[in-house]
Amino acid sequence: MRDFLPADKARRERVLAVIRERYRSHGFDEIETPVMEDHARLHAGIGGDNEKLAYNVLKRGLDADAVRAAADDPAALTDLGLRYDLTVPLARFYASNRAELPAVFRSVQIAPVWRAERPQKGRYRQFMQCDIDIIGDASTRAEVELITATLDTLDALGLQGGSVRINDRRLLDAMLEYFGFPEAERPGVLITIDKLDKIGPDGVAAELRERSSSPAAVDAFAGFLARERPEGAGFDEARIRAALPEGLDGDAVAALSEIGDAVAAARGARVPLEFDPFLVRGMGYYTGTIFEVAHPSVSYSLGGGGRYDGMIGRFLGQQVPAVGFSIGFERIVDLVADHAGDAREAVVLVHDQDVPVAQLAALKAAFVARGCRVRLERRPKNLKPLLDRATADGYSHFAAVRAGMDADSLELKPLG
């Protein structure tokens, strides 16, 4: 968990302002949910490995005997926990407030989440997530809206050239069935397939042989990994089918093709989509389309998401289609060039010690009324460190203030 100095905080807020504006322009409405949820909801088996990283909150009023009696049962000791993502809270939010929401609800959540990560570079125990979700739309229109809004947001941040890797969990399940993996083994097999980028085809095959009790299925899958991949760029139904085992078909292929056509219509001639039959996404609640956003400037993904049609039904008692896309704010904020900063004129008023407080208050009010950002500073013996700090904090001008001066008599001098 980190502190942010004023310049860092201002930079983060500028990036967040762009993200909020872009999402709003695409018709998404921002909501807010509590930082804590019920322990049972956070540990309902839908959060994957993130559930193991949840911070749990001890029940209030437990005495020593109660703690000892429940020492082997964490669920008996805790009744709340800090949220580890924004999707589980959204599902609970929608189930609680459905009567006041539109039939198709487009939400934005931008808020911190908490995970008990091991301290290491780039892994934080508190970090910001920026989620957009569409609830109530089972058609591919929802995926298209999410993808175009995300790519448009990256463009607005100066990160043009982004693309989206896309797959469908239904195709993954169909492939594993095609190769002969028993249904009980498939979750573990997917965990191994998800390591393909890190350990390569040979590593995946070796780990599957250790994990699986179906050597024939592993051999068939290893043979498929070793085959020659289709060459060339593009995203259409023919290329999707060419990347799958021969004869594998289904509604998912047609849906992905439809998404590609619609994104092309929104984004122009180049379709920023890439079909990846081995994209897994680790969250256990995905039921259909899954995607990750990539940028040529970095080797890691900048976000991802997918369709989770089964989650809200756990809270509502009836199935409701849902799909979401989250961008990794902590990764993106370091890539965004900080050009303009605060567009307003920013002025430091450096005053002598004998200037009355009433005069300073009047001067500051006058500049604020003009739309300026204003800071009052008492003149030190050495002025340079003060001006250097003001420049670093984004101030553009300074003025020397003596007793009896008004706003019109001040001489503004540029900083930097």
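Since this is a predicted model, take the numbers as computed values, not measurements.

Parameters and conventions
Residues numbered from 1 in each chain as written. Predicted model: local features only at pLDDT ≥ 70, side-chain atom pairs only at ≥ 80, totals over all residues. Heavy atoms only, no water. Pairing = 2+ DSSP bridges. Helix = DSSP H or I, 4+ residues; strand = E, 2+ residues; numbered from the N terminus. Contact = heavy atoms within 4.5 Å. Axes fitted to C-alpha atoms, helices over the stretch in contact; angles between N-to-C directions. Polar contact = N/O pair within 3.5 Å; in protein donor to acceptor, adjacent residues only side chain to side chain. Parallel < 35°, antiparallel > 145°, perpendicular 65-115°, else oblique. Left-handed = near helix turned anticlockwise from the far one by under 90°. Nonpolar A, V, L, I, M, F, W, Y, C, P; charged D, E, K, R; others polar.

Peer 1: Can you help me understand the sheet that holds strand β11 (residues 322-328) in this one?
Peer 2: Across a sheet, paired strands are connected by hydrogen bonds in the backbone, their directions being either parallel or antiparallel. Strand order in the open sheet formed by eight strands is β1-β5-β6-β11-β10-β9-β7-β8, with mixed pairing between adjacent strands. Both outer strands of the open sheet, β1 (29-30) and β8 (273-275), are each paired with one neighbouring strand and no more. Taken together, the five bridges between strand β10 (residues 303-307) and β11 define a ladder with antiparallel strand orientation. Directly across from Gly-303, in β11, lies its bridge partner Ile-327. The sheet contacts of helix α7 (residues 169-179) involve β7 (163-168), β8 and β9 (289-294), and relative to β7 the element is tilted by about 50°.

Peer 1: Would you mind showing me how to read the side chain of Arg-307 here?
Peer 2: One can find Arg-307 in strand β10. There is a polar contact of 3.1 Å between the side chain of Arg-307 and the backbone oxygen of Asp-137. A polar atom in the side chain of Arg-307 sits 2.9 Å from the side chain of Glu-143.

Peer 1: Any chance you could explain the packing of helix α6 (residues 140-156) against helix α12 (residues 251-267) here in plain terms?
Peer 2: Direction vectors running N to C along α6 and α12 enclose 40°, while the axes themselves pass 9 Å from each other. One element, α6, and the other, α12, form an angle in the oblique class. Taken as a pair, α6 and α12 cross one another with a handedness that is right-handed. The segment α6 lies against α12, with Thr-140, Glu-143, Val-144, Ile-147, Thr-148, Leu-151, Asp-152 and Asp-155 engaging Ala-255, Glu-258, Ile-259, Ala-262, Val-263, Ala-266 and Arg-267. For the contact of α6 with α12, the residue count by class is eight nonpolar, two polar and five charged.

The values are spatial; any link to function lies outside them.
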